[in-house]
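Descriptive analysis of the structure
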Amino acid sequence: MTEYDRLYSSVDRSRRDPVTFRHVDRLGIGPGMRCWEVGAGGPSVPLGLAERVASAGTVVATDIDVSWTRGVSDGVIEVLSHDVAADPPPPGAFDLVHARLVLTHVSDRTEALRRMVQALRPGGRLLLEGADPTLQPLLCPDESGPEQRLANRLRAGFRTLMAARGADLAYGRTLPGVLREAGLEDVRADAYFPITSSACAVLEDATVRQIRHHLIGQGLATDEEIERHLANVAAGSLDLATAPMISAWGRRRP
């Protein structure tokens with residue numbers, strides 16, 4: 001993960017974790033199972049998986065940068081420094097392989113996906129989650145005034161920066177097809193995004209502060225516009241949405 005991706009994941013985790021675990025529980029992940037959390041980015045998903053697999057199970061949490069994992073490893077959770085597109089999968093077959101907001105930022109997505117499928121045991125499940133900023137591109141879906149128009153213009157600038165960095169902003173919607181092309185069965189998918197919540201405001205404030213120098217440097221916004229937008233966010237009068245997160249899952253043939 002890049003510095004921005006780690007910020008996005010850490011600020012947004014409390015909102016996305018319940019969505020992830022709703023799918024994990026639907027897939028029947030429980031005691032004694034083995035899980036691989038790809039590009040974990042933080043401790044919350046590995047810890048949640050560890051609760052579900054209990055002492056007889058295993059959770060392997062991997063990331064290129066594992067500095068966030070201090071104090072997480074125990075008898076259930078194993079932490080490995082790992083590049084999913086370049087390194088072989090961790091040893092052993094897995095009942096669940098999960099990656100959230102990872103493949104959008106991986107240059108060789110095809111190879112990364114192949115390695116994740118390879119790591120599944122027969123009948124094992126792959127759960128991929130990715131944002132799709134072009135599916136719902138507005139920060140304020142109800143663009144009813146100048147504050148909302150400014151917010152949406154800054155969000156468009158953010159998408160410009162992401163695209164220039166190589167992110168595939170429409171990748172989320174492709175996940176069901178990606179899983180079918182990989183040979184998985186029983187492929188299903190859904191999408192989640194709030195239209196307004198306190199977590200969205202926290203995320204927006206942190207995002208804009210993180211990228212403001214890029215927005216200004218690229219001529220996408222002025223310092224005054226950014227300050228005005230941050231004040232609008234802090235006032236709590238905007239209904240802020242985020243990009244839909246697409247969750248797609250499939251099963252390896254028994």
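Here's a quick rundown of the structure. (Residues numbered from 1 in each chain as written. Predicted model: local features only at pLDDT ≥ 70, side-chain atom pairs only at ≥ 80, totals over all residues. Heavy atoms only, no water.)

1. Concerning the overall build of the protein
Of the regular secondary structure elements, the protein holds seven helices and seven strands. Counting from the amino terminus, the protein carries its helices and strands in the arrangement α-β-α-β-β-β-α-β-α-α-β-α-α-β. For 254 residues, the compact-globule formula gives about 18 Å, and the C-alpha radius of gyration of the protein, at 19 Å, lands near that figure. A principal-axis box enclosing the C-alpha atoms of the protein has dimensions of 55 × 40 × 30 Å. The buried share among the 254 residues of the protein stands at 53%. Across the protein, every contact between residues at least 6 apart in sequence was considered, and the portion connecting residues at least 24 apart equals 76%. Charge separation in the protein, taken as the distance between the mean sites of 29 positive and 33 negative side-chain charges, equals 4 Å. (Helix = DSSP H or I, 4+ residues; strand = E, 2+ residues; numbered from the N terminus. Rg over C-alpha atoms; globule rule 2.2 N^0.38 Å. Buried < 20%, exposed > 50% of the residue type's maximum accessible area, 1.4 Å probe, protein only. Contact = heavy atoms within 4.5 Å. Lys, Arg positive; Asp, Glu negative; His and termini not counted. Charge placed at Lys NZ, Arg CZ, Asp CG, Glu CD.)

2. What to know about the pattern of salt bridges
Summed over the entire model, instances satisfying the criterion amount to 16 salt bridges. Between D17 and R100 there is a salt bridge; the shortest N-O distance is 2.9 Å. Pair noted here: D17 is in helix α1 (residues 3-26) and R100 is in strand β4 (residues 94-100), with a separation of 83 residues, a long-range link. Counted as one network, the salt bridges with shared partners bring together E185, D186, R251 and R253. (Salt bridge = Lys/Arg side-chain N within 4 Å of Asp/Glu carboxyl O.)

3. Regarding the packing of helix α4 (residues 146-164) against helix α6 (residues 198-217)
Where α4 contacts α6, the two axes come as close as 11 Å, and the packing angle between them is 65°. When the axes of α4 and α6 are compared, the crossing they make is left-handed. Counted together, L154, R155, G157, F158 and L161 of α4 and E204, T207, I211, H214 and L215 of α6 form the full contact between these two elements. Partitioning the contact of α4 with α6 into residue classes produces five nonpolar, three polar and two charged. (Axes fitted to C-alpha atoms, helices over the stretch in contact; angles between N-to-C directions. Left-handed = near helix turned anticlockwise from the far one by under 90°. Nonpolar A, V, L, I, M, F, W, Y, C, P; charged D, E, K, R; others polar.)

4. What to know about unusual backbone geometry
Positive phi, normally seen in glycine, also occurs at A54, with a value near 60°. By relative accessible area, A54 is classed as partly exposed at 30%.

5. Considerations on the nonpolar core
Of all hydrophobic cores here, the largest spans 27 residues; its most connected members are W36, V97, M116, L126, L128 and L179. When contributions to this core are tallied by element, the ones reaching two or more residues are β1 (34-38), β4, α3 (109-118), β5 (120-131), α5 (175-181) and β7 (245-251). Element by element, the count of residues in this core is highest for α3, at four residues. When residues no more than four places from it in sequence are discounted, the contact partners of M116 are W36, V38, V84, V97, A99, L103, L126 and L128. Within the second largest apolar cluster, 17 residues are counted, among which are L27, I29, I77 and W249. (Core = buried A, V, L, I, M, F, W, Y, C linked by side-chain atoms within 4.5 Å.)

6. Quick notes on the packing of aromatic side chains
The tally for this structure, following the rule as stated, stands at one aromatic pair. Between W36 and F94 the ring centres are 5.9 Å apart and the planes differ by 35°, which places this aromatic pair in the tilted class. With W36 in strand β1 and F94 in strand β4, this residue pair connects regions lying 58 residues apart in the sequence. A relative accessible area of 0% means that F94 is categorised as buried. Positioned over the ring face of F94 is R34, at 4.5 Å from the centre of the ring. The positively charged end of R109 is found above the aromatic ring belonging to Y171, 5.1 Å away from the centroid. (Phe/Tyr/Trp six-rings, centres within 6.5 Å; stacked < 30°, edge-to-face > 60°. Lys NZ or Arg CZ within 6 Å of the ring centre and 35° of its normal.)

7. Topic: α6
Relative to the 28 Å expected for 20 residues at 1.5 Å per residue, α6 spans 29 Å between its end C-alpha atoms, a close match to the ideal helical length. Bending of α6 peaks at approximately 55° at the position of I211. Those residues of α6 that fall on the buried side of the exposure criterion are A199, C200, L203, E204, A206, T207, V208, I211, R212 and L215. A positive backbone phi angle near 70° is found at G219, which sits one or two residues after α6. (Expected span 1.5 Å × (residues − 1). Bend = angle between axes of the 7 residues up to and from the residue.)

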